[in-house]
Amino acid sequence: MPRVSEEHLERRRQQILDAAQLCFARKGFHETSMQDIFSESGLSAGAVYRYFKSKDDIIAALATEATVEVRTAMTNALRSDPLPTPAQLIQVIAEHVVERSGPDGPVRLAPQAWALALIDPKAAEYVKDGVRAMRDRWHEYVERMVEVGWLPPDTDIRAVATATVGLVPGFMLQHLIIGDVDPETLARGVQTLLPFGQPTAHSVDT
């Protein structure tokens, strides 16, 4: 397929997602209809359904976009030099989550997408890809922790990555549902549990 056609299709897909995000922000997920999304996007039902078979597919895709941005922030941080401590890294990620979780923020859709993945195979594909990609980032970070001597050479990297990947969803749920936690609190807790690395000007106080 010619490159211009691929770019056009991607722009159209993003047009639908942007319209859906506005609708969800105004009316909420449950009150938003597909007709609302058709109207907001300025596209026909057929054009929208070419990309997404249902509203559930759209919310899954929006949640995936949000996690891509979180992963990008994490990737940039973990590949920096010097290597950030676990507390520094988790604070960067948590701050990004907070920035994207306001009343119209896509991060708010993530827990709904997780629940949807349990009953919708198509949505599960989006969510599984996102979770695996986040776990891969933690795997890379643990490898770097071994390289700099923060963890022993015989560390079970996969096991550590599997354990630490839960930190971000756990923070999301507490922040979105309870609302009494912030990135600094999370970072202090991680610093206490995983006190690796030498303190720097950017370290989290303990």
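## Observations concerning the pattern of salt bridges
And step 1. Counting across every chain of the model gives 5 salt bridges.
And step 2. Between Arg100 and Glu69 there is a salt bridge; the shortest N-O distance is 2.7 Å. With Arg100 in the loop between helix H5 (86–99) and helix H6 (110–117) and Glu69 in helix H4 (residues 55–78), this residue pair connects regions lying 31 residues apart in the sequence.
And step 3. For Glu69, a relative accessible area of 30% gives the class partly exposed.
And step 4. A salt bridge links Glu140 to Arg79; the shortest N-O distance between them is 2.7 Å. You can see Glu140 sitting in helix H7 (residues 121–147) and its partner Arg79 sitting in the loop between H4 and H5, a full 61 residues away along the chain.
And step 5. Connected through shared salt-bridge partners, Arg79, Arg137 and Glu140 make up one network.

## What to know about the domain arrangement of the protein
And step 1. Segmenting the protein into domains produces domain 1 (6–58) and domain 2 (66–195).
And step 2. Taken together, the contact between domain 1 and domain 2 spans 9 residues of the former and 10 residues of the latter.
And step 3. Both sides of the domain 1 and domain 2 interface together cover about 720 Å² of buried area, and 52% of this is carbon and sulfur.
And step 4. Of all residues in domain 1, Gln21, Asp56 and Asp57 give up the largest surface area on contact with domain 2, accounting jointly for 54% of the area buried on that side.
And step 5. Put simply, domain 1 and domain 2 have 0 salt bridges between them.
And step 6. Inspection of the domain 1/domain 2 interface yields 0 residue pairs in polar contact (both at pLDDT 80 or more).
And step 7. Of all the secondary-structure elements, those providing two or more residues to the side of domain 1 that touches domain 2 are helix H1 (3–27) and H4.
And step 8. Here the element with the most residues in the side of domain 1 that touches domain 2 is H1; it accounts for 4 residues.
And step 9. In the side of domain 1 that touches domain 2, the residues fall into 4 nonpolar, 1 polar and 4 charged.

## Here we look at the packing of H6 against helix H9 (residues 167–178)
The description of two packed helices rests on the angle between their axes and on the distance between the axes.
And step 1. The geometry of H6 relative to H9 is characterised by a closest axis approach of 10 Å and an angle of 120 degrees between their N-to-C directions. Regarding the angle of H6 to H9, the classification is oblique. Only Pro169, Met172, Leu173 and Leu176 of H9 make contact with H6, whose side of the interface consists of Ala110, Pro111 and Trp114.
And step 2. By residue class, the composition of the contact of H6 with H9 is 7 nonpolar, no polar and no charged.

## What about the side chain of His96?
And step 1. Within the element layout of this structure, His96 appears in helix H5.
And step 2. Not counting residues within four places of it along the chain, the set of residues in contact with His96 comprises Glu69, Val70 and Ala73.

## A closer look at a negative patch on the surface
And step 1. A surface patch of like charges, here negative, comprises Glu95, Glu99, Asp182 and Glu184.
And step 2. With respect to the secondary-structure elements, Glu95 resides in helix H5.

## Brief notes about the confidence of the model for the protein
And step 1. Looking at the protein, pLDDT values average 88 and 94% of them are 70 or higher.
And step 2. Here residues 199–206 is modelled with pLDDT under 50, and outside its nearest four sequence neighbours on either side it reaches 11 contacts, counting other chains as well.

What counts, and where the lines are drawn
- Residues numbered from 1 in each chain as written.
- Predicted model: local features only at pLDDT ≥ 70, side-chain atom pairs only at ≥ 80, totals over all residues.
- Heavy atoms only, no water.
- Salt bridge = Lys/Arg side-chain N within 4 Å of Asp/Glu carboxyl O.
- Helix = DSSP H or I, 4+ residues; strand = E, 2+ residues; numbered from the N terminus.
- Buried < 20%, exposed > 50% of the residue type's maximum accessible area, 1.4 Å probe, protein only.
- Domains from an automatic or database assignment.
- Contact = heavy atoms within 4.5 Å.
- Buried area = accessible area lost by both parts, 1.4 Å probe.
- Polar contact = N/O pair within 3.5 Å; in protein donor to acceptor, adjacent residues only side chain to side chain.
- Nonpolar A, V, L, I, M, F, W, Y, C, P; charged D, E, K, R; others polar.
- Axes fitted to C-alpha atoms, helices over the stretch in contact; angles between N-to-C directions.
- Parallel < 35°, antiparallel > 145°, perpendicular 65-115°, else oblique.
- Patch = residues over 30% accessible without salt bridge, like charges linked within 9 Å, V, L, I, M, F, W, Y side chains within 5 Å.
- Areas by Shrake-Rupley, 256 points an atom, 1.4 Å probe, with all protein chains shown as cover.
- Lys, Arg positive; Asp, Glu negative; His and termini not counted.
- Charge placed at Lys NZ, Arg CZ, Asp CG, Glu CD.
- pLDDT = per-residue confidence, 0-100.

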